Amino acid sequence: MSEYGYSYHRSIGGRHSRREEKDLISGIRKQHYDEIREHCLAEEELFEDPEFPTEDSSIFYSQAPPREFEWKRPHEICDNPVFIADGASRFDVQQGELGDCWLLAAIASLTVNQRLFAKVVPPDQSFQDGYCGMFRFHFWRQGEWVEVVVDDRLPTYYGQLTFMHSVDKNEFWSALLEKAYAKLEGSYESLKGGSTCEAMVDFTGGVSEFFDLKKAPPNMFSIMLKASQRGSLMGCSIDADPNELEARVDNGLVMGHAYSITSVILMDIETPSMSGKIPMVRIRNPWGNEAEWKGRWSDQSREWSLIPDSQKKAIGLTFDDDGEFWMSFDDFRGNFEKLEICNLGPDSLEEDELDGKKRWEGHTENGEWIPRVNAGGCRNYLDTFWTNPQYRVTLTDPDDDDDDDLCTMLVGILQKDRRKKRKEGLDMLTIGYVIYKLDDEGHGPLDIKYFKYHASSAKSPSFINLREVCGRHKLAPGTYVIIPSTFEPHQKGDYLLRIFTEKANQTNEMDEETGIIEDQEIPPPTEEEQEQEQALKASFRRVAGDDMEIDAYELRDILNTVFTREFSFDGFSLDTCRSMVAMHDGDLSGKLGFDEFKVLWRDLRRWKGVFREYDRDKSGKLSSYELRSALHASGFRLSNRTFSALVMRYSSKDGNVEFGDFILCAIRMKTMLASFKNIDEENSGHAAFDLDGFIQTVMYS
């Protein structure tokens, strides 16, 4: 059994500025709010967004609309539109015809934290002063905060908003926020179906966690309470009924529906015979109606008579049909099945916004899985798993409140732009990660031998096709390596690795510095190779003539006489032989003397032996994964970037490298490294080339 289951740019001169051309957010041009606003006000015109036009394709990408929608501005829908009426609250969010309850649940949670809400939804916007038909919103997007602007034309049917809206018919912040998010993802349809934490992450820059409440850890309430005290956003759900969409249970809850958790507290309880605290959770249905919990602690239930009036006032208790209700933690855990927590990261709030709350220490790394290079798949695929990206993290200080002297670490792997790529037929990859303990902090990238004989210390809860996979781990202080991967090898994708710890940590990618090990030990020649060498010496003298030097043409004839007998290939090309001459042509004569030829022959003999050793299936070719090992055995140390370039340059469409291309790759690498070293006299890793010198280096390699 497997180890893992599975710019506004239309009006201003009609042209894009150089800045706009280069500045893209997930495929849409970044638009500059102040520039657009200034232009629209000067021209007395309302903004029409060319990046998200009022067309059916902005609503649906996979089908024709079920009816004809009419795009209208708020002042065409009602007489006195307002952006935010009497402050934003979780009760302003009502679901429309789009299946994005997950997004509504996240927005409802966002309104609970007014500082975060103001960061996402800037409140200094209105339909009065300075109105030009444009609004702006901020989202955390794959590592940075970005601004998204939209015009205020909204899809309607018979004069009513079709999608998200507020209870107050004159309030439009929620509808415009949904439009901005749809623009970011490519269309309204792209928002159908998702995880509440996905939107929570985009509203906060936090790291999400996913819990199966049937297998909840013993300290689940403590985790939730601590998360609430840190300002985290939370959502919950019950698994869907496969036979019915959003089926209602007798207790009032809805299956397959996303709820937001708006409070977690220890509530004072007082009776004539006892007093104490009871763990409680407040939950909201984004429908915002009477579809509420009907069990203990529901609206008007007798349990509330046990709570002091002061406590009821402190928690803001109301008994309206507003979709919000309280549950005891025991009932919550017994009825809900999935819990999502978005832990706020360092990017979420500034120091002056913390209000005494603690926040996580965070580190991020951008990376990509490249087929045939470092997309090795999970541990089930041992032969390629070791080629995945590797990240070292050192945990130094245990948590303050941990009696076991352990460190809490949250690890999140977020795959980029997959929702937007649905238009291209691409869905979420199945992703996860594994964590290994290192005994040696200075260890370089781990090879296949390491993974054969070492067990993992921790791993992601599962490999799953979510946008982000996150896990919470309690580990002893020490050095670890995190390996993010797709479940199957050879899958292409971009990702963001995020590591959150309660105390500061040290993190970096485990990568080699490109270079070469000089003076490698070469095995003595075999009897056959000794005979070849004697024959080559005689052949060299015969071809070279009186000057005892050969050019690339003559070198090709000599070498191909030998190597085409040993390998099934067309022989070395003239271009390859020119590179061989350049590698050892110290006087730049374009020819090799016999002593220079002997050095070349030594290299060729070593590389030939390496090729045979790593061509394990005797196909006469190396896979890209075998290529990495073969180059390493040849003395080359290659960074991931350099190795990726070599694979792209020397491999065929199927990812294989033939013998002649392997030799050419080794020759050019050795020549370029030698040329660089001659310029980098201080061995600093940096060299200054003038244009002629750069061209000469490239041409002679």
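Definitions and limits used
- Residues numbered from 1 in each chain as written.
- Predicted model: local features only at pLDDT ≥ 70, side-chain atom pairs only at ≥ 80, totals over all residues.
- Heavy atoms only, no water.
- Helix = DSSP H or I, 4+ residues; strand = E, 2+ residues; numbered from the N terminus.
- Buried < 20%, exposed > 50% of the residue type's maximum accessible area, 1.4 Å probe, protein only.
- Areas by Shrake-Rupley, 256 points an atom, 1.4 Å probe, with all protein chains shown as cover.
- Lys, Arg positive; Asp, Glu negative; His and termini not counted.
- Charge placed at Lys NZ, Arg CZ, Asp CG, Glu CD.
- Salt bridge = Lys/Arg side-chain N within 4 Å of Asp/Glu carboxyl O.
- Pairing = 2+ DSSP bridges.
- Polar contact = N/O pair within 3.5 Å; in protein donor to acceptor, adjacent residues only side chain to side chain.
- Contact = heavy atoms within 4.5 Å.
- Phe/Tyr/Trp six-rings, centres within 6.5 Å; stacked < 30°, edge-to-face > 60°.
- Lys NZ or Arg CZ within 6 Å of the ring centre and 35° of its normal.
- Patch = residues over 30% accessible without salt bridge, like charges linked within 9 Å, V, L, I, M, F, W, Y side chains within 5 Å.
- Axes fitted to C-alpha atoms, helices over the stretch in contact; angles between N-to-C directions.
- Parallel < 35°, antiparallel > 145°, perpendicular 65-115°, else oblique.
- Left-handed = near helix turned anticlockwise from the far one by under 90°.
- Nonpolar A, V, L, I, M, F, W, Y, C, P; charged D, E, K, R; others polar.
- Expected span 1.5 Å × (residues − 1).
- Core = buried A, V, L, I, M, F, W, Y, C linked by side-chain atoms within 4.5 Å.
- pLDDT = per-residue confidence, 0-100.

A.B. asks: Requested: an account of the overall build of the protein chain, with residues and values cited.
C.D. replies: Along the backbone of the protein chain there are 20 helices and 28 strands. Projected onto the principal axes, the alpha-carbon positions of the protein chain cover approximately 110 × 70 × 50 Å. A burial count over the protein chain gives 53% of its 701 residues as buried. By element, 45% of the accessible surface of the protein chain is carried by carbon and sulfur atoms, the whole surface being about 32,700 Å². In the protein chain, which carries 83 positive and 125 negative side-chain charges, the distance between the mean positions of the two groups comes to 3 Å.

A.B. asks: Can you tell me about the pattern of salt bridges, naming the residues and giving the values?
C.D. replies: If you walk through the whole model with that rule in mind, you get 29 salt bridges. We note a salt bridge from Arg668 to Asp575, for which the minimum N-O separation is 2.8 Å. Linking Arg668 in helix α19 (residues 659-679) with Asp575 in helix α15 (residues 574-584), this pair joins segments that are 93 residues apart in sequence. Its relative accessible area of 13% is what places Arg668 among the buried residues. Residue classification places Asp575 among the partly exposed residues on the basis of a relative accessible area of 39%. One connected set of salt bridges, linked through shared partners, spans Arg141, Glu185, Asp202, Asp417 and Arg467.

A.B. asks: How would you explain the sheet that holds strand β22 (residues 505-509) if you had to name every residue and give the values?
C.D. replies: In space, the five strands of this open sheet follow the order β18-β17-β20-β15-β22, with antiparallel pairing throughout. Pairing within the sheet leaves two strands with one partner each, and these edge strands are β18 (458-459) and β22. In the sheet, strand β15 (residues 391-395) pairs with β22 via five bridges, with the strands oriented antiparallel. Counted as the bridge partner of Tyr391 is Glu509 from β22.

A.B. asks: Residues and numbers for the side chain of Ser301, please.
C.D. replies: Within the secondary structure, Ser301 sits in the loop between β11 (275-284) and α9 (309-314). Looking at Ser301, the relative accessible area reads 15%, which means it is buried. At a separation of 3.2 Å, a polar atom in the side chain of Ser301 contacts the main-chain amide nitrogen of Trp297. Leave out the neighbours within four places in its chain, and Ser301 touches Gly295 and Arg296.

A.B. asks: Can you lay out the packing of aromatic side chains for me, pointing to particular residues and giving the numbers?
C.D. replies: Tallying each qualifying case throughout the model produces 42 aromatic pairs. Note on Tyr436 and Phe451: the rings are 5.0 Å apart at their centroids and 70° apart in plane angle, and the pair reads as edge-to-face. With a gap of 15 residues between them, Tyr436 in strand β17 (residues 431-438) and Phe451 in helix α12 (residues 448-453) connect regions that are remote in the sequence. For Phe451, a relative accessible area of 0% translates into the label buried. Relative to Phe572, the ring of Phe563 lies with its centre 5.4 Å away and its plane at 70°, an arrangement referred to as edge-to-face. For the residue pair Phe563 and Phe572, the accessibility class agrees, reading buried in each case. Just above the ring of Tyr157 sits the side chain of Arg67; from NZ or CZ to the centre is 4.7 Å.

A.B. asks: Please set out a negative patch on the surface residue by residue, giving values where relevant.
C.D. replies: A contiguous patch of negative charge on the surface is contributed by Glu55, Asp56, Glu68, Glu70 and Glu76. For Glu76, the location among the structural elements is in helix α3 (residues 74-77).

A.B. asks: I'd like a description of the packing of helix α17 (residues 624-633) against helix α18 (residues 640-650), backed by residues and values.
C.D. replies: The relative placement of two packed helices is expressed as an angle between their axes plus a distance between the axes. Interhelical geometry of α17 versus α18 gives an angle of 125° and a closest axis separation of 11 Å. It follows that α17 is oblique to α18 by the angle criterion. As α17 packs across α18, the resulting crossing turns out to be right-handed. In contact with Ser624, Leu627, Arg628 and Leu631 of α17, α18 contributes Asn640, Phe643, Leu646 and Val647. For the contact of α17 with α18, the per-class residue count stands at five nonpolar, two polar and one charged.

A.B. asks: So, a nonpolar patch on the surface: which residues are in play, and what are the values?
C.D. replies: Nonpolar side chains collect at one region of the surface, where Phe676, Ile679, Phe689, Leu691, Phe694 and Ile695 lie side by side and expose about 540 Å² of accessible area between them. Mapped onto the nonpolar patch, the elements with two or more residues apiece are α19 and α20 (691-699). Counting residues per element, the nonpolar patch draws most heavily on α20, at three residues. Looking at the element boundaries, Leu691 is found in helix α20. On the basis of relative accessible area, Leu691 is assigned to the exposed category, the value being 61%.

A.B. asks: Any details on the pairing of β15? Residues and values, ideally.
C.D. replies: Along a regular strand, successive side chains alternate from one face of the sheet to the other. Extensive coverage of β15 is indicated by the burial of five of its five residues. Residue alternation in β15 divides its side chains into two sets, Tyr391, Val393 and Leu395 and Arg392 and Thr394, and both sets are buried.

A.B. asks: So what's going on with helix α13 (residues 527-544)? Residues and values would help.
C.D. replies: Here α13 contains 18 residues, and its C-alpha end-to-end distance of 26 Å stays within 8% of the 26 Å for a straight helix at 1.5 Å per residue. Tucked inside the fold, the buried residues of α13 contact β24 (549-550), α14 (552-566), β25 (592-593) and α16 (594-614). Looking one or two places after α13, you find Gly545, whose phi comes out positive at around 80°.

A.B. asks: Please provide a residue-by-residue account of the nonpolar core, values included.
C.D. replies: Grouped together as the largest cluster of nonpolar side chains are 56 residues, with contacts concentrated most on Leu103, Phe137, Phe139, Tyr188 and Phe203. Of all the elements in the fold, those that place two or more residues in this core are α4 (101-112), α5 (114-120), β4 (134-141), β5 (144-151), α6 (173-185) and α7 (196-204). Excluding its chain neighbours within four sequence positions, the residues that come into contact with Leu103 are Met164, Glu178, Tyr181, Leu191, Ala199 and Phe203. Formed by 50 residues, the second largest nonpolar core is a distinct cluster that contains Ala544, Val610, Leu638 and Val657.

A.B. asks: So what about the environment of His473? Which residues, and what values?
C.D. replies: Position of His473 relative to the elements: it lies in strand β19 (residues 468-475). Measuring from C-alpha to C-alpha, the distance between His473 and Lys459 comes to 8.6 Å, with 14 residues separating the pair along the chain. Every residue in contact with His473, bar those within four places of it in the chain, is listed here: Cys407, Thr408, Met409, Val411, Tyr433, Ile435, Ala458 and Lys459. One polar contact links His473 to Tyr433, side chain to side chain, over a distance of 2.6 Å.

A.B. asks: Can you explain the confidence of the model for the protein chain? Please cite residues and give values.
C.D. replies: Across the protein chain, the average pLDDT comes to 84, with 90% of residues at 70 or higher. Ranking the elements of the protein chain by mean pLDDT puts helix α1 (residues 18-22) last, at 38, and β17 first, at 96. Between residues 1-22, whose pLDDT stays under 50, and residues either more than four places distant or in other chains, the model counts 54 contacts.

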